[in-house]
Amino acid sequence: MPDEAGTTQLAVIGGGPGGYAAAFLAADLGLKVTLIDEQAQPGGVCLYRGCIPSKALLHAARVLTEAREASRWGIEFQPPRVDVDRLRAWKQEVVGKLTGGLAQIAKQRQVEYIRGRASLLDARTLSVATHDSGDKRLGFEYAILATGSFPAMLPGLPQSMRILDSTSALDLSSVPKTLLVVGGGYIGLELGTVYAALGTEVSVVEMLDGLLPGADRDLVAQLAKRIEKIFHKVMLSTKVAEMKEGKSGITVKFEGASAEGGEQVYEKVLVSVGRKPNSAIPGLEKTRVQKDAKAFIRIDAQRRTAEPTIYAVGDVAGEPMLAHKASHEGRTAVEAIAGHKVAFEPRAIPAVVFTDPEVAWCGLTETEAARENRPVKVARFPWAASGRAVTLDRSDGVTKLVIDPETERVLGVGITGVGAGDLIAEGVLAVEMAALASDVALTIHPHPTLSETVMEAAEVFYGQATDIYRPKKS
Ligand code: FAD
Ligand code: NAD
């Protein structure tokens, strides 16, 4: 029998961005909160093996690339010597700082943190298998499931240390000579960029006919050009037919447009073909919580499941599987539990791929508008016309606004270029605030910055951009 650990008003299962954001807001609102996770400190996938370690390594990759490219400006560095052990240690330091900070904030807010694996006993009770003090039983008024997701794997792969998922790729146990990345999405391109900068010969195989299938093609074009240069090979409309482990690596057979009949041997293979919801929570079947066909937990606008005491947020509760979506959902669920009139209905959830250049978008995309037969006008500002981009020697970018031709409202924004991930925040605000293109055009932006490209894209809409001649078509 589990020990009685008492009762709580809100039990949050999962300490990632969805779970800790929910727990912290609930404590701020005066609830008694218990946060449960298997890790020693809160953070979840995002902090331990996702967003944060990948961005630390991408920063190192960016420095390596800039140092190499500086020769164009008359600055020559010696070829870099990468100490992988120190790089790994620094990345862990970054993770430690942030997860340690979360643990401290949890304490300050008097959120009880239990380390262990939670199972549901019914719609008001759970049990936690703790690491050090056996099973604990906890009664709750409400629970939020924020158990996240895990990497999808291809069927029939051999068991091999040479086959990596995002977690083992981020461990950076070595810098292989060759790496095959299976899947040209977020993870494949971000981690492929890291390994390429560290000196690995990276190839990517993507089953669809373009990289980053979720993004507008014009945004991907600039990235694809650079990827073609920094990666060894990009194989589109191609799939892995077979993988076998041999002495010197993994022998891979391909099928599709770039298969070219033969086999290739890679020292390591990274499988990044998507993620699946972590919804096999023990005991869930003892509640009325339901799942959809893809195993996501079904929720309503308040993030409530079919069981009135249980809410679900983040990756386990549906796409897009992004940290900022998880944390906003977490806060919505808590407000609903606190009795506030609230619903999760964003107009824009930004997406950022932290490649080089970065690709970012929010709101309505051009592809979606075309699919829905929705008339839109698209105003594009190429970064070759941005003074700031030219000073950075990075004119490989574009900023575009997707605009309603009748109301002139900004419905979506897309940006490719260095720092696009930061720049998109202005686009999100414009879409959320229902800004008109004229609001953006008339807002004074600092010069010389990349942020001016957002303003100038709006000026393009009116055929009056200062730095580019694009007369309005009648
Ligand atoms: P998670 O962060 O997955 O946390 C879930 C937690 O629940 C885990 O700690 C898990 O141990 C715990 N748990 C599960 N079951 C139980 C149980 N029964 N009992 C106790 N604890 C349990 N998103 C971005 O927005 N930006 C990025 O740059 C970005 N980069 C990424 C890079 C990589 C390599 C990966 C893999 C993902 C990245 N993501 C990024 C996605 C992001 O990590 C997720 O969207 C986010 O972590 C989801 O948060 P969550 O709270 O839903 O769950
Ligand atoms: P993804 O969905 O972004 O990309 C997977 C890619 O693999 C797709 O392009 C798909 O067409 C391709 N694919 C699927 N099966 C294949 C096969 N058999 N052969 C070849 N290609 C195949 O998934 P991911 O890169 O694994 O990332 C998972 C999720 O994690 C993302 O969707 C995102 O939600 C999140 N994430 C976000 C960030 C960020 O915000 N910067 C970074 C990393 C991960």
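The structure contained in this document is the topic of the report that follows. Remember, it's a predicted structure, so these values are computed and weren't measured experimentally. (Residues numbered from 1 in each chain as written. Chains lettered and ligands numbered in written order. Predicted model: local features only at pLDDT ≥ 70, side-chain atom pairs only at ≥ 80, totals over all residues. Heavy atoms only, no water.)

1. Details of the overall build of the protein chain
- For the protein chain, the helix and strand inventory stands at 13 helices and 21 strands.
- Summarising its shape, the C-alpha atoms of the protein chain cover approximately 70 × 60 × 40 Å along the three principal directions.
- The buried share among the 474 residues of the protein chain stands at 50%.
- Within the protein chain, contacts between residues at least 6 apart in sequence are counted, and of these 62% link residues at least 24 apart.
- Accessible surface, the protein chain: about 22400 Å² in total, of which carbon and sulfur atoms supply 52%.
- Of the charged side chains in the protein chain, 54 are positive and 58 negative; the average position of the first set lies 2 Å away from that of the second. (Helix = DSSP H or I, 4+ residues; strand = E, 2+ residues; numbered from the N terminus. Buried < 20%, exposed > 50% of the residue type's maximum accessible area, 1.4 Å probe, protein only. Contact = heavy atoms within 4.5 Å. Areas by Shrake-Rupley, 256 points an atom, 1.4 Å probe, with all protein chains shown as cover. Lys, Arg positive; Asp, Glu negative; His and termini not counted. Charge placed at Lys NZ, Arg CZ, Asp CG, Glu CD.)

2. Quick word on the sheet that holds strand β18 (residues 358-363)
- Read from one edge of the open sheet, 5 strands run β17-β18-β21-β20-β19, paired in antiparallel fashion. Of all strands in the sheet, those bounded by a partner on one side alone are β17 (351-353) and β19 (377-382). Pairwise comparison of adjacent strand axes, ignoring direction, gives a mean angle of 10° for this sheet.
- Pairing of β19 with strand β20 (residues 398-403), which is carried by 6 bridges, proceeds in the antiparallel orientation. Bridge pairing links R380 to K400 in β20.
- Sitting on the sheet, helix α6 (residues 186-198) touches β17 and β18, and the angle it makes with β17 is about 35°. (Pairing = 2+ DSSP bridges. Axes fitted to C-alpha atoms, helices over the stretch in contact; angles between N-to-C directions.)

3. Looking at the site of ligand 2
- Taken together, 23 residues surround ligand 2, and among them E190, E206, G274, M321 and V352 come closest.
- A distance of 2.7 Å separates an oxygen atom of ligand 2 from a polar backbone atom of M321.
- Take V352: an N or O atom from its main chain is 2.8 Å from a nitrogen atom of ligand 2.
- Burial of ligand 2 by the protein amounts to 81% of the accessible area it has alone, namely 840 Å².
- With 3 residues, the single largest contributor to the shell around ligand 2 is α6. (Near = heavy atom within 4 Å. Polar contact = N/O pair within 3.5 Å; in protein donor to acceptor, adjacent residues only side chain to side chain.)

4. Points about the pattern of salt bridges
- Counted by the stated rule, this structure contains 22 salt bridges.
- The residue E66 makes a salt bridge to R62 at a minimum N-O spacing of 2.8 Å. Here the residue E66 and the residue R62 both occupy positions in helix α3 (residues 51-69), the gap between them amounting to 4 residues, near one helical turn.
- Note that R226 and D356 form a salt bridge whose closest N and O atoms lie 3.1 Å from each other. Of this pair, R226 sits in helix α7 (residues 217-230) while D356 is found in the loop between β17 and β18, placing the two residues 130 residues apart along the sequence.
- Taking relative accessible area as the criterion, D356 reaches 10% and is therefore assigned buried.
- Each of R62, E66, E69, R226, D356, R394 and D396 takes part in one network of salt bridges that share partners. (Salt bridge = Lys/Arg side-chain N within 4 Å of Asp/Glu carboxyl O.)

5. Here we look at the pairing of strand β21 (residues 410-417)
- Where burial is concerned, most of β21 is hidden: 8 out of the 8 residues are buried.
- Note: β18 against β21, 6 bridges, orientation antiparallel. What sits directly across from G363, in β21, is G412.
- The pairing of β20 with β21 spans 6 bridges and is antiparallel. Its bridge partner being in β21, V402 is matched across the sheet by G412.
- Linking two consecutive strands that pair antiparallel, namely β20 and β21, is a turn of 6 residues; a positive phi of about 65° is found at E408 within it.

6. Re the site of ligand 1
- Of all residues adjacent to ligand 1, which total 38 residues, the nearest are G18, D37, K55, D315 and A323.
- One nitrogen or oxygen atom from the side chain of D315 is found 2.8 Å from an oxygen atom belonging to ligand 1.
- Residue A323 places a main-chain N or O atom 2.8 Å away from an oxygen atom belonging to ligand 1.
- Considering ligand 1 on its own, with 1000 Å² of exposed area, one finds that the protein chains cover 94% of that surface.
- Listing elements by their share of the shell around ligand 1, those giving two or more residues are α1 (17-28), β2 (33-37), α2 (44-49), α3, β3 (112-122), α5 (166-171) and α8 (323-337).
- A total of 4 residues in the shell around ligand 1 trace back to one element, the largest contributor, which is α2.
- Its residues assigned to classes, the shell around ligand 1 comprises 15 nonpolar, 16 polar and 7 charged. (Nonpolar A, V, L, I, M, F, W, Y, C, P; charged D, E, K, R; others polar.)

7. Description of the state of the cysteines
- Across all of its chains, the model carries 1 disulfide by this definition.
- Here C46 pairs with C51 through a disulfide, and the sulfurs are 2.2 Å apart. For the disulfide bridge between C46 and C51, the dihedral angle about the S-S bond is near -130°, and by the sign convention the bridge is left-handed.
- Its relative accessible area of 26% is what places C51 among the partly exposed residues.
- Among the cysteines around C362, which has no disulfide bond, C51 carries the closest sulfur, lying 18 Å off.
- With relative accessibility at 1%, the residue C362 sits in the buried group. (Disulfide = S-S within 2.5 Å.)

8. Some remarks on α8
- If you check α8, its first and last C-alpha atoms are 21 Å apart, about what 15 residues at 1.5 Å a residue would give, namely 21 Å.
- Burial in α8 covers these residues: K325, A326, S327, E329, G330, T332, A333, V334, A336 and I337. (Expected span 1.5 Å × (residues − 1).)

9. What about the sheet that holds strand β12 (residues 250-256)?
- Sheet architecture is open: 3 strands sit in the order β11-β12-β13, paired in antiparallel fashion. Of all the strands in the sheet, just β11 (238-245) and β13 (263-266) have a single pairing partner and so form its edges. Averaged over all neighbouring strand pairs, the angle between strand axes comes to 30°, with direction disregarded.
- Examined bridge by bridge, β12 and β13 share 4 bridges and lie antiparallel to one another.

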